[in-house]
Amino acid sequence: MLQSVVILKRKNSVFLMLLITLFCQSQEAIKGVIVDQNSNPIPEAAIQVVELENVGVITNFDGEFTLSLPEGTYTLKTSFIGFQTRFYKITTNASKEQYIRIVLKQNVEELNDVIVKGKTAAQKVKEKAFEVEVIETKGLKNSSVDINAILTTIPGVNVRQRGGLGAAFDFSLNGLSGKQVKFFIDGIPIENFGSSLSLNNFPATLVERAEVFKGVVPIHLGADALGGAVNIITNQRKTDFLDVSYDIGSFNTHRATINGQHYNKNGWMFQLSSFYNYSDNNYTIDDIEVRDELGNDTGIRRDNVERFHDAYNSQMIRIQTGLVDRSYADRLILGFTASANENEIQHPIDPQNPFGEVFTENDIISGSIEFEKNNLFNEKLKLKIYGALTENNERVVDTSSRKYDWFGNFIERGDQTLGEFEASKTLFKFKDNLHLINALATYTFNDVHSLSANYTKNYIRRRGEDDARTGRIAFRDPHIVNKNILGLSYDIDLLDTRWRTSFFSKGYLLNSEGILEDLFTNVEEDRFTRFENTFEELGYGFATTYKILDNFQIKGSFEKTFRIPEGYEVFGDGFLLKSNPALLPEESYNANLGALFNTDINGLKLQIDTNVFFRESENFIAIRSEGIFSRYFNTADARSTGVEGEIRMLYDAFFLDLNATYQNIIDRNAGENAGVDFLKNQRIANIPYVFGNARIGGKFNNVLAVNDQLNVSWNTYYVHDYPLTSFVEGNPEDRDIIPEQISHNVELGYSFNEGRYNIAVSARNILDSKIYDNFEIQQPGRAFYVKLRYYISN
């Protein structure tokens, strides 16, 4: 079944339909959309008015059309090669506007004689000048996975999660990680939604596709990203549907989603997206020390010890309603989002010191408004404005003076003022009040030249309180970060769009204020001082692509960019992470050179994508220990170089995807202060430098019944071993090495009744391999999941 709509060659001439304006005194604007049986929009479909000669339209990229007709009854002949022609009766009335939806069925016999030349939405994004990877999730909506698991299959991406469902994770893109990579949902920064709405709990069922921009980021995202950006695109189709799923699996894991929307003929829409996640995360880990009744290490180590305080739950509901396709706005949408989570903390960085009662909580409430109009000033100007107000509440609860071991035993601390973190007991919580504004304007002069401007303002104000602590409370005085980014780009398409180039510049402005704490003095007036900081920086870059052949293009991009420190890094968390207002913006020169090749050889569809990357970065922001506390500092100047490649093959019902990444990340000034020359330009430890992914499987139609589908896939992920602390220091035989990791996932899915009913069974880490993250903390072993999904669309 076609995944997208295509322009096809055939023996007879292709329909060439021109919209002829009807000069009638009374006309009605008919608006509508043409979709296939899976609700995929059909661009380039032809709509002809049978009763009127030479009157018709061609659908746009989203399968939409507008047709003005006098009052009367007409027959719309809708056709597209590869689909059965459909005749649709309408009666027009000048007093009101109609919105219709026409579903075309595939013509299997005709498909055998045509050549596919069209592109999916993902392919069109991938062929842009920027170095970008795109994954469509249509084939993954039945899987028991979150977005992180999907993004791991992209070359250059490495995700190290510190546990099971909901655990903290480190997302690395071409060697840059953490806050250096920005995350968005429909172009809106996830950083505004707290920990309860993140890539480690956002289910694939709610997502249409994911776009990963490497190194160089377009201005429309309004991001101060250093290493790239990930934009998660949710459903954008103007169709009615209901999508409900539930899956259950190992470690008492439960996940449920409800996703639906409705459009009526008057242009009103309503959309609901929601999920619920829960897991005990009680998988087993090895090499755990056994303690005596006084809490002392006996030297005995035990395997297969169950995690007992690691439960996680999260939930989200998102409602959007408003008007579409009106004369004053293409979209005028009000939104409301609420999410929350609770996360039990099993241990700090050292897994040998388990907790039994510490947990964190987060909840957010957000309201938003979106306006979009695409045909201003003779259809040359497009305008999109988004605004949001958000309240984010974070809470840390550590009120037990018990010291637990891994078997549920505990002893009471002598000092009852201490919590499990061995710091003062805390009920610390802080509230963030945020507002976000993003405005994008694009003016198209002609088919060759266009100009775009984008402005993003991200404001956060944080206050804290702690009912369990005396003395000064973190964030008692408000801390403020006000970040503004202005982008300007000029796009030019030459040689009949074979050569596309974008030149852009970004201005960065940061204002921050708060209280700085000096941990090394006990004099109150000296320990806490107020600070105010302002940064102003200017970045620039370009992205270009040239199609040497219709199926072969080369890409190049470059950007000088900055990343402004986040509120979390500047302010700390008010608990164990202390503030550092003196942080400087990270700066990087990023470059990519890549090639993209597509071909069809006797039915074998082949895509090859490769990219060579270079990142020269200064003022890296890294965390540094200060006893039991920590603080962010500007540290290393780093250089990251590497190459990545991907091969995708599709033959008949079978597919094979392969990708691999090699990256060399060096610290250009390591050892400089200590005068240790041999440490200079050495590879940075605790970062994987060789990793890859392989996925093979098949999709088989009409297996047990007509219009059913059976999906089978096997996924293998590989990471080469790498040292935890240094590549060069100490005896190689004594270095702590994070071992080579190979994990395998298997999935079997079955859909019937044209995709309405779906069931999938999956096994993750089926060979029960030992998998570790960046702190050599063991990850979950073999796990099984079953997912049920119901999908209906009219």
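Anyway, here's the lowdown on the structure attached to this text. Computed from a predicted structure; not experimentally measured. Residue numbering note: each chain is counted from 1, following its sequence as written. A pLDDT threshold of at least 70 governs which residues receive local features in this predicted model, and a stricter bar of 80 or more applies before side-chain atom pairs are shown or counted, although totals over entire chains, interfaces and linings include all residues. Remark: hydrogens and water are excluded; side-chain values derive from all non-hydrogen atoms of the structure.

So, on to the nonpolar core. Nonpolar cores were defined as sets of buried Ala, Val, Leu, Ile, Met, Phe, Trp, Tyr and Cys residues, with membership established by side-chain atoms within 4.5 Å. Residue exposure (1.4 Å probe, protein chains only): buried if accessible area is under 20% of the type maximum, exposed if over 50%, otherwise partly exposed. Judged by nonpolar contacts, the single largest core of 33 residues is most densely connected at Ile-147, Leu-151, Phe-171, Phe-202, Val-230 and Ile-232. If you list the elements that add at least two residues to this core, you get α3 (147–151), β9 (157–161), β10 (169–173), β12 (181–185), β14 (207–214), β15 (228–234) and β26 (381–397). What makes two residues a contact is simply this: any of their non-hydrogen atoms within 4.5 Å. Beyond its immediate sequence surroundings of up to four residues, Ile-147 is in contact with Leu-199, Phe-202, Pro-203, Ala-204, Val-207 and Ile-232. With 20 residues, the next largest nonpolar core counts Leu-434, Ile-485, Tyr-508 and Leu-577 among its residues. Note on conventions: DSSP H or I runs of at least 4 residues are helices, E runs of at least 2 residues are strands, and numbering of each starts at the N terminus.

The sheet built from four strands is open, its strands ordered β3-β2-β5-β6 with antiparallel pairing. Two strands in the sheet have a free side with no partner beyond their single neighbour: β3 (56–58) and β6 (86–92). The average angle at which neighbouring strand axes cross in this sheet is 20°, direction not considered. As defined by bridge partners, strand β2 (residues 46–49) adjoins β3 across three bridges and the pair is classed as antiparallel. Considered in β3, the bridge of Gln-48 is made with Gly-56. Two strands pair if DSSP finds at least two bridges between them. Working convention: axes come from line fits to C-alpha atoms, limited for helices to the stretch in contact. Angles between N-to-C directions cover 0 to 180 degrees.

Classification of ring pairs rests on two measures: the distance between centres of Phe, Tyr or Trp rings, Trp counted by its six-membered ring, which must be within 6.5 Å, and the angle between planes, read as stacked under 30 degrees, edge-to-face over 60 and tilted in between. Scanning all chains against the criterion turns up 24 aromatic pairs. With a centroid separation of 6.4 Å and 85° between ring planes, the pair formed by Phe-130 and Phe-213 is classed as edge-to-face. Here Phe-130, found in the loop between α2 (121–126) and β8 (132–136), pairs with Phe-213, found in strand β14; they are 83 residues apart in sequence, far enough to count as distant. For the pair Phe-130 and Phe-213, one class covers both residues: buried. Considering the side-chain rings of Phe-552 and Phe-597, the 6.2 Å spacing of their centres and the 65° angle between planes classify their relative orientation as edge-to-face. Residue Phe-552 is found in strand β34 (residues 552–563), and its partner Phe-597 is found in strand β36 (residues 586–601); the two are separated by 45 residues along the sequence.

With that settled, the discussion passes to the environment of Asn-446. Within the secondary structure layout, Asn-446 lies in the loop between β29 (429–444) and β30 (449–465). The class of Asn-446 is partly exposed, set by a relative accessible area of 39%. In sequence terms Asn-446 and Lys-380 are 66 residues apart; their C-alpha atoms lie 8.2 Å from each other. Whenever a nitrogen or oxygen atom comes within 3.5 Å of another N or O atom, the pair is scored as a polar contact, on the condition that within protein one atom can donate a hydrogen and the other can accept it, and that pairs from neighbouring residues in sequence are kept only if both atoms are in side chains. A distance of 2.8 Å separates a polar side-chain atom of Asn-446 from the backbone nitrogen of Val-448. Side-chain polar atoms of Asn-446 contact the backbone nitrogen of His-449, separated by 2.9 Å.

Now for the sheet that holds β12. The strand order across the open sheet built from five strands is β8-β14-β15-β12-β13, with neighbouring strands paired in mixed fashion. For this open sheet the edge positions go to β8 and β13 (188–189), each flanked by a neighbour on one side alone. Sheet topology places β12 next to β13; two bridges connect them, and they run antiparallel. Considered in β13, the bridge of Ile-185 is made with Ile-188.

Bringing a nonpolar patch on the surface into the picture now. On the surface, a cluster of nonpolar side chains totalling about 610 Å² of accessible area is made up of Tyr-246, Ile-248, Val-712, Leu-748, Ile-759, Val-761, Val-786 and Leu-788. Of all the secondary structure elements, the ones that give two or more residues to the nonpolar patch are β16 (241–249), β48 (757–764) and β49 (783–793). Note that Leu-748 resides in strand β47 (residues 741–752). Residue classification places Leu-748 among the partly exposed positions, given a relative accessible area of 44%. Exposure above 30% relative accessible area and the absence of a salt bridge qualify a residue for a patch, where like charges join within 9 Å and nonpolar side chains (Val, Leu, Ile, Met, Phe, Trp, Tyr) within 5 Å. A 1.4 Å probe and the Shrake-Rupley method give the accessible areas. Residues count as covered only by the protein chains that appear here. In what follows, salt bridge is the name for a side-chain nitrogen of Lys or Arg lying within 4 Å of a carboxyl oxygen of Asp or Glu.

Side-chain alternation along β16 places Phe-241, Asp-243, Ser-245, Asp-247 and Gly-249 on a buried face and Leu-242, Val-244, Tyr-246 and Ile-248 on a face that remains uncovered. Summarising the sheet, β16 and strand β17 (residues 253–263) pair through nine bridges and their orientation is antiparallel. Residue Phe-241 lies in a different strand from β17, and its bridge partner there is Gln-261. Bridge analysis of β16 against β49 gives nine bridges, and the strand direction is antiparallel. The residue bridging Val-244 from the neighbouring strand is Tyr-790, located in β49.

Here the focus is the pattern of salt bridges. A complete count under the given rule lists 29 salt bridges for this structure. Measuring nitrogen to oxygen at the nearest pair gives 3.8 Å for the salt bridge that ties Lys-560 to Glu-587. Residue Lys-560 is located in strand β34, and its partner Glu-587 is located in strand β36; the two are separated by 27 residues in the primary sequence. In the salt-bridge network here, residues are joined through shared partners; they are Glu-289, Arg-291, Asp-297 and Arg-301.

Moving on: unusual backbone geometry. In this structure, Asn-304 is a non-glycine residue whose phi angle is positive, near 55°. With respect to the helices and strands, Asn-304 occurs in the loop between β21 (297–302) and β22 (305–306). On the accessibility criterion, Asn-304 (58% relative accessible area) is exposed. Residues other than glycine seldom take positive phi values, yet Asp-325 does so here, at roughly 55°. Within the secondary structure, Asp-325 is located in the loop between β23 (312–324) and β24 (331–344).

This next bit is on the side chain of Arg-331. Here Arg-331 shows up in strand β24. Within the local environment of Arg-331, its side chain forms a polar contact with the side chain of Glu-370, the two groups lying 3.2 Å apart. Among residues more than four places away in sequence, those in contact with Arg-331 are Tyr-263, Leu-323, Val-324, Glu-370, Phe-371 and Glu-372.

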